[in-house]
Every structure is written in C-alpha cells, then in structure tokens.
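Each chain, letter by letter, is given below.
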Protein chains: 4
Amino acid sequence: MKKAPRIASLVNETRFKVRFSELDPMQIVWHGNYAKYFEDGREAFGLEFPGLSYADIQASGFGMPVVDMQVQFRAPLRVGDEAIVRTQFVNYPAAKICFDYEIRRPGGELVAEGSTMQVFVNPSGELELTSPQFFVEWKERWGVR
Amino acid sequence: MKKAPRIASLVNETRFKVRFSELDPMQIVWHGNYAKYFEDGREAFGLEFPGLSYADIQASGFGMPVVDMQVQFRAPLRVGDEAIVRTQFVNYPAAKICFDYEIRRPGGELVAEGSTMQVFVNPSGELELTSPQFFVEWKERWGVR
Amino acid sequence: MKKAPRIASLVNETRFKVRFSELDPMQIVWHGNYAKYFEDGREAFGLEFPGLSYADIQASGFGMPVVDMQVQFRAPLRVGDEAIVRTQFVNYPAAKICFDYEIRRPGGELVAEGSTMQVFVNPSGELELTSPQFFVEWKERWGVR
Amino acid sequence: MKKAPRIASLVNETRFKVRFSELDPMQIVWHGNYAKYFEDGREAFGLEFPGLSYADIQASGFGMPVVDMQVQFRAPLRVGDEAIVRTQFVNYPAAKICFDYEIRRPGGELVAEGSTMQVFVNPSGELELTSPQFFVEWKERWGVR
C-alpha cells in the first residue's frame, strides 16, 4: 500500500485522551485499542470531509468492512495522556477506501502508525467491485481522481 | 515477516465462541476484537509450550509489548459463531517473538489471518537487544535454534 | 427486586475463562467486564430455554434494552481463572425480563452477584407496556405464570 | 446508599462523545460501557479535587476496587452523541468512597444515573477497615467530615 498517492489536503487531525479502561496490566494502553483510535480518526475525517461518516455510509445502504489493518507501535501511552490521530486519505482507483494513520503526542513524538483498507458491501451483502455512486461523488467533490 | 522459518510443531489451536458484546452495529464482530482473539491464541500457545504464558513472562521481570500487528479480515463472524485460532511460532534469530495466526470456522473456512511481533523490555523499561535467558531456554527446550 | 419469585428450574450455568484483555492495571478483571459475563449468562440461558436468545429476540422485531443493572463484586478474578455464571430467571407479571446472577469459581467461591432488568421496545422504538406475544408464549412453554 | 450526605460542592462535570466502537448491534451504546463513563467521571473528579486521581491512589500504595455498581439506563446514546457525566462525592464515615453519577445530554435530558462504592485494599492486598491517611487528608482538605 506504500506507493499509492496520498492526497495532501485530505487529512484530519483529532485529539483524544487515554482512559483508565484502555490500559492493560502493564499500565499502558492495550495494543488492541489502537483500532479504536484509528476508527475515531476515520469518523472525524468523515465529519470534516462530509459524505464519509458512519451516518452517511449507513444512509447509502452500503457497508464498508475493514479488510486489512496494520499497526506499528512506537511508544506507549499511559492513563491521562493526550494524543492526536492524523488520518490521511490514500487514493486508489479500485473500489476500496484506504487511510494511513499517525498517532503522536502533542509535542510530536510518534506513538503509533498504521493503515486500514475497507471495501464496499452492497445492501444484499455482496462485495462491490466498482465504487458506489456516493463514493464517486465524494471523490469528485474533494478533487480526488 | 514472510520468509522466516515456521516451526511446524510449534502450533496451538484454541477454540472460542463469539460474544454478543463483541459485535458492532453491522451485527458482525468488530474488527478490533481480533487483537483479542490473537492474544487468546498466544496465551493458549504459552500454556501448551510452557514458559511463554503471561504468568511466565511476568515472573521473568520482562515485558513483551506488541510492536507490530497485521490482520487481514476474510469473512465475518456473528454472535454465537465458534471459531478456532491457530497460532504458529515464527522463529527469528533476533530478540523478538513473532507469531502467525489463522482464524477458521470449525468447517475450515478462513475468517482472518495475521501476525504479531513482540520485543523484550527489561525491568528498567529499556528495549533488550539480545534475547533474555528465559527465552533462550524456551527455544532450546522446544528445539528451536 | 428482592421479593419476586425466582423460578427454581429456570437456571442456566455457563463457564468462562478470564482473558488477558479483560484485566485492568491492578491485574484483576476490570469491573465493567462483568456486564459482559452477565450478558454471556443471559445468552446461554436463552439457548438452554429456547425462545429468548438474541437471535429469537431479533426475529421477534422487539428490542430488549437493559434498563437496570446492579453488581456486587466479592472477590477478584485474574488471568486464566475459570468461573461459572449462574443465571436465574426472576418472574414479574409486568412487561419486563429480570435475571439474577451469581459468578463463582469452580470450587464455589462467590466472585460477584447482581441483577439486570430489561424492557421491551417495539419495532417503532416505543416502550411496550404489555408483554409481547413471544414472551407470553415463552413463559407458558416453561411453566411460568 | 440513598440517605448519605452528598457534598454539594464536591461535584465534577466532564463531557464525552460516543465512539463507534461503543455501539452494540442495536446501534446504541452497549450498556456495559457506562461503567467506563462513570470511571471517566471519577478520574475527572480526582483531577479537579486533587488527591483522588488514579496516579494519586497508585502513589499511596493502596488499591480501591469497585465493590458495588448500580446503573439505571433512561435513554439511549448513539454514535457521535455528546453527553456530560456529573460525578458527585457521597460522604460516609466508613472506610469507603462512594459516588453518584448522572449522565445527561447537553440539553439536559437524563441518559443514565447510578452509583459506585469502592473500598481500600492495602499494599498487602487486605481490606482496610479504617480510611487510609491519604483519604483522611483529602477529606480534611475539601472540608468533608
């Protein structure tokens, strides 16, 4: 996934604070919780660039399951820590939606990075091989081709 | 991680059942929960090949944070579904522990696959560049070199 | 909720094993996870006394949100511990479903106890003041009046 | 717990936003997640009235397990909803810490209410029957007797 064009302007940054319930017995954020932080990033992205939020997708009748997730953990987060998820749209011609993520402390230290790929499932539950109309329109609206 | 030797005999299989609380609004298992299934696989592996369970690692004084996780989601799981995590040790000479995972339905259908890499952190919280003694001994015990 | 008749025969017991991801930084099961164990108990109950599983309720078109939950925590659970959830139906004439729970170690030690109350929401999302037909039939089937 | 004196001034309010990963298949927040919202309330309380945050308690060497939790669910929360946890200290002479909670939408609608009780466990893991010094001092500092 490393050569596809990132669209410089299609980036969202959203801040979060680590909750006690997100810690594991080593007193650091349990690694599985980063899937949640990435998801928060996607949701914030979808609200900043309207048309891709969870509500929009539901309204379209399509599902967008995550089919691939990769995470590299660089430094631990602890209770009360604040961090910023940077979510960047990665453009592919195929019928899928890809994002790259970076999680950093407010001072800039990289905490984690990763990527997700989602595909489209139509209301009958079948994989869509071409991008649905709402996604084509979303791309046009935001100057992605 | 794809060329390292898998040790054919160092494989554990453990079965689980999907819980209601693991579902997302699409009525399928939320993708972030697979980190939990992989972790269950590692724990079952550590019990089958004693010396690598969470209790063993704690007793050693070392931490083993996950530094890389990759998941490919092939088919959804729904409430009440049973599935089997197959956890296979992947041997590297470096000071890290790697596993490959496959999650399948009892009938064999592939649901997800992935991998994790863990490193060693000594009791002072520093990254260990050589394998700690307990891991060297574990490898010897199970014929891994 | 303490005087309503418990139906001695309407009890399910289901066993579970504590997962690493359920621990909190004190190395014990995070207290919020008991809601999950109770839910597992309800689901196992619904499978033993068919007609009240999540699938049955979905098929009925009704929702059954939890409106009250009480938990008393008696002793901690740790990673790898096994425990048994005992879920007992508590009968009320009103349009609600109540359960009492006990979680015990295999040797009998009480770990937690509690109760939940659920109400019925019809497909339009409104609270039902009388028990829906599927619940009336379930009660008749199992000799509850 | 309903007659103990609430200390009018010892109240914290903290706001949160519902995450996608907190939803259940009914598209509402899974009821077990309210334990997390209450915990967030306690943590925010401990930061506003210093001496009771998780870091303070850890530093004291004591544990403060939750031994009782009660929740009444009044109205559902959905993805993206914002809500406010109001956490109020309830004073008891005994060696325990009790809080009452209300979760409301920004417009005032009550979403849930509940309470928790925590006890003190000393560094040897035994229940403390008298309040530890750090809690006595905290009470004095904030005018609670």
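It should be emphasised that the depicted structure is a prediction, and the values quoted were computed from it without experimental measurement. Numbering of residues begins from 1 in every chain and follows the order in which that chain's sequence is written. Going through the entries in the order they are written, you letter the chains from A and number the ligands from 1. In keeping with the predicted nature of the model, local features appear solely for residues at pLDDT of at least 70, side-chain atom pairs appear and are counted solely at 80 or more, and the whole-chain, interface and lining totals rest on all residues. Just so you know, side-chain values use all the structure's heavy atoms and leave hydrogens and water out.

**Q** I'm lost on unusual backbone geometry in this one. Help?
**A** Negative phi values dominate among residues other than glycine, just as trans dominates among peptide bonds. Residues and elements named next belong to chain A. For Gln27, which is not glycine, the phi dihedral falls at a positive 70 degrees. Secondary structure elements follow DSSP: runs of H or I of four or more residues count as helices, runs of E of two or more count as strands, with numbering from the N terminus. If you trace the backbone, Gln27 turns up in the loop between strand 1 (6-17) and helix 1 (34-48). Working definition: with a 1.4 Å probe on protein chains only, accessible area under 20% of the residue-type maximum means buried, over 50% means exposed, and in between means partly exposed. The partly exposed category is assigned to Gln27, whose relative accessible area is 24%.

**Q** Explanation requested: the relation of the copies chain D and chain A in the structure shown.
**A** To go from the first copy of the chain to the second, apply a rotation about an axis and then a shift along the same axis. A least-squares fit on C-alpha atoms brings the copies together, and the residues used are those whose pLDDT is at least 70 in both copies. At an RMSD of 0.0 Å, chain D and chain A line up after a rotation of 180 degrees and a shift of 0.0 Å along the axis. Interpreted geometrically, this transformation is the action of a two-fold axis. Judged by C-alpha distance, D:Phe16 is the residue of chain D that lies nearest the rotation axis, at 5.1 Å. Any two residues whose heavy atoms approach within 4.5 Å at even a single point are treated as in contact. A high fraction, 100%, of the interface residues of chain D reappear at the interface in chain A, so the copies pair face to face through one surface.

**Q** Help me out: how do you make sense of the side chain of A:His31 in this one?
**A** Take A:His31: it is sitting in the loop between strand 1 and helix 1. A relative accessible area of 9% places A:His31 in the buried class. When neighbours within four sequence positions are excluded, A:His31 is seen to be in contact with A:Phe73, B:Ala35, B:Glu39, B:Arg42, B:Val66 and B:Met69.

**Q** Looking at this model, I keep getting lost on the interface of chain A and chain B. Mind explaining?
**A** Interface size is often expressed as the accessible area that is lost when the parts come together. In this complex, chain A contributes 18 residues to the contact, which on the side of chain B involves 18 residues. Every case where a carboxyl oxygen of Asp or Glu lies within 4 Å of a side-chain nitrogen of Lys or Arg is listed as a salt bridge. Put simply, chain A and chain B have zero salt bridges between them. The term polar contact refers here to a pair of N or O atoms within 3.5 Å; inside protein, the definition further demands a hydrogen-donor-capable atom paired with an acceptor-capable atom, and it admits residues adjacent in sequence only when both atoms are side-chain atoms. If you look at where chain A meets chain B, you find eight residue pairs in polar contact (both at pLDDT 80 or more). Within the residue set of the side of chain A that touches chain B, elements represented by two or more residues are helix 1 and strand 2 (66-73) of chain A. The element best represented in the side of chain A that touches chain B is strand 2 of chain A, accounting for eight residues. Polar here means any residue outside two lists: the nonpolar Ala, Val, Leu, Ile, Met, Phe, Trp, Tyr, Cys and Pro, and the charged Asp, Glu, Lys and Arg; Gly therefore counts as polar. Here the residues of the side of chain A that touches chain B are counted per class, giving ten nonpolar, four polar and four charged.

**Q** Looking at this structure, how should I read the side chain of A:Glu22?
**A** For A:Glu22, the position within the fold is in the loop between strand 1 and helix 1. Setting aside its immediate chain neighbours within four residues, A:Glu22 contacts A:Lys17, A:Ile28, A:Val29, A:Trp30, A:Asn33, A:Lys36, A:Tyr37 and D:Arg19.

**Q** How should the relation of the copies chain A and chain B be read in this particular structure?
**A** Note on the identical chains: chain A maps onto chain B by a rotation of 180 degrees and an axial translation of 0.0 Å, with an RMSD of 0.0 Å. Here 100% of the contact residues of chain A are again contact residues in chain B; the copies associate through an equivalent surface.

**Q** Teacher, can you tell me more about the pattern of salt bridges here?
**A** Two side chains bearing opposite charge may form a pair once their charged atoms approach each other closely. Per the stated rule, a full pass over the model turns up 40 salt bridges over all chains. Its salt-bridge partner being B:Arg86, residue B:Glu13 comes within 3.4 Å of it at the nearest N-O pair. Here B:Glu13 is found in strand 1 (residues 6-17), whereas its partner B:Arg86 is found in strand 3 (residues 82-90), with 73 residues between them in sequence. Among the residues examined, B:Arg86 registers a relative accessible area of 29% and is labelled partly exposed. Between C:Arg42 and C:Glu39 there is a salt bridge, with the nearest N and O atoms lying 3.7 Å from each other. Placement of the pair is C:Arg42 and C:Glu39 together in helix 1 (residues 34-48), with a separation of three residues, close to one helical turn. Taken together, the shared-partner salt bridges in this structure form one network comprising A:Arg19, D:Glu22, D:Lys36 and D:Asp40.

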